[in-house]
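Fold and geometry: a report
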Amino acid sequence: MKRRTLLGGTVAVAMLGLTSGAVAQQAPIKIGMSMAQTGGLAGGGKASLLGIEVWRDDVNARGGLLGRKVELVVYDDKSSASETPAIYSKLLDVDKVDILFAPYATVPTAPLMPLVKQRGMLLMGNFSFQVNSKVGHDMWFNNAPWGPADSWASSFLDLGQKAGGKTIALLAADQEFAQNLAKTAREVATKLGMKVVFDQAYPPSTVEFSGILRALKAAKPDIVYVASYPPDSAGILRGVNEIGIGDNVKLFGGGMVGLQFGAVMENLGSLLNGVVNYNTWLPEPKMYNEGTKAFFETYTKRAVEAKVDPLGYYLAPYGYANGQMIEQAIKAVGSLDQKALAKYLRENTHKTIVGSITFAADGEWKESGVVQAQFRGIVDKNIEQFRSPGKQVILFPEKLKSGDLISPFEAARK
């Protein structure tokens, strides 16, 4: 691998040894992206990038695409939305990349949507949430398994209602992503006939949640839906451990970002017990597809060396899946024509290590792949426990279910 600096930012240009003379004679196919390597999103960005790099190495070992090797041109966007427009303009105008992958997460991706639509470029999304809802770009394809916008709230609240829940409390960070989750939760609750008895937004800088949690506890909700970021998620669970949440709460969690990352889970340990939260991929038997085991064998070894998330379940296989989808499209189309590639991606089902993916008109998954799982039997300071099945029991969807909900929440924590 060679690294070089462009525009004053750290750029990883992934170079693999050529596998054949034919590949060596042609210019590489360049896939350009920014990816958080520093800042608040760096943990996810590094894991996602490593997943993409594993695919790049695999496809080059097979001879590349169209007889050409694949090269990644990657800039550090520093987890900042203000960085990405200039980076992607340079990728197109200076680096002359052939394909664009989006950065990790919603905030850095949203500013790119008008640019890529104006340029008529295909953009493979990377775990953003509803960034195409207003722009309406018909060449956008998100690797995240969210599906319809209400998928997180619907799957979670359905579990709560089946457990006898009739009232709901909402606790969400005062940022666009979390507030969008809270908005859909309100809408779903209304459809299900649930009464919202507590609805609180908190500043992103909040570190002490005991006062908010006491007020929430006093409202005596049956279900608590939380939309939080990693630091908040940890703070909220520590607060719950300190003051409790009430014996009436049947279901707690839902949209807590951070509880999918190895370091966060290891740090929280037993505080996770009983929480039901969204996820994407877990080491349960029904979630393995062709190539999944081989991918994680490679990822795990390289993750240790690169000092990134040693589990990588949440993001890394979906980075690999992005590569698989673009690989299938290029092979089928036989060129790098953006419109033809988009047409293929839109009209076909794509076989990946995270399952079969079919896109809806908005570029999101036609069928949600969101998983709701309950933490069970977690002990402190042991990351290896999360590699075993049964530690995050899948409750939804039915086809992947590995166990039943333990309720109420306080009983599930023990």
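Residues numbered from 1 in each chain as written. Predicted model: local features only at pLDDT ≥ 70, side-chain atom pairs only at ≥ 80, totals over all residues. Heavy atoms only, no water.

1. Describing the overall build of the chain
Each helix and strand counted, the chain has 14 helices and 16 strands in total. Overall size of the chain, expressed as C-alpha extent along the three principal axes, is 70 × 40 × 40 Å. Out of the 414 residues belonging to the chain, those deemed buried represent 57%. Residue pairs at least 24 apart in sequence account for 69% of intrachain contacts in the chain once pairs closer than 6 positions are excluded. (Helix = DSSP H or I, 4+ residues; strand = E, 2+ residues; numbered from the N terminus. Buried < 20%, exposed > 50% of the residue type's maximum accessible area, 1.4 Å probe, protein only. Contact = heavy atoms within 4.5 Å.)

2. Focus on the pairing of strand 9 (residues 195-202)
Summarising the sheet, strand 8 (residues 167-173) and strand 9 pair through seven bridges and their orientation is parallel. Residue Ala173 lies in a different strand from strand 9, and its bridge partner there is Tyr202. Handedness of the crossover joining strand 8 and strand 9 through helix 7 (residues 176-192): right-handed. (Pairing = 2+ DSSP bridges. Right-handed = clockwise from strand over helix to strand, strands pointing away.)

3. Observations concerning helix 2 (residues 42-61)
For helix 2, which comprises 20 residues, the first-to-last C-alpha distance of 28 Å matches the rise-based estimate of 28 Å (1.5 Å per residue) to within 8%. Of all 20 residues making up helix 2, 16 are buried, and the element is well covered by its neighbours. Downstream of helix 2 by one or two residues, Gly63 has phi in the positive range, about 110°. (Expected span 1.5 Å × (residues − 1).)

4. Digging into the UniProt feature "domain: Leucine-binding protein" (unreviewed entry) in the chain
Taking the numbering used here, the UniProt-annotated feature "domain: Leucine-binding protein" (unreviewed entry) corresponds to residues 28-362. The span residues 28-362 shows a helical share of 43% and a strand share of 17%, and its end C-alpha atoms are spaced 30 Å apart. (UniProt positions renumbered as here; feature names shortened; annotations may be inferred.)

5. Focus on the environment of Ile212
If you trace the backbone, Ile212 turns up in helix 8 (residues 210-218). In this structure, the C-alpha to C-alpha distance between Ile212 and Ile52, residues 160 residues apart in sequence, is 40 Å. In contact with Ile212, not counting residues within four places along its chain, are Leu171, Phe198, Gln200 and Tyr202.

6. Here's the deal with the nonpolar core
Met33, Leu122, Ile236 and Phe252 are the most contacted members of the largest nonpolar core, which has 135 residues in total. Ranked by residue count, the leading element in this core is helix 12 (residues 316-333), at eight residues. Sequence-distant contacts of Leu122, that is, excluding residues within four places in its chain, are made with Ile99, Leu100, Met139, Phe141, Ile326, Gln338, Leu341, Ala342 and Leu345. (Core = buried A, V, L, I, M, F, W, Y, C linked by side-chain atoms within 4.5 Å.)

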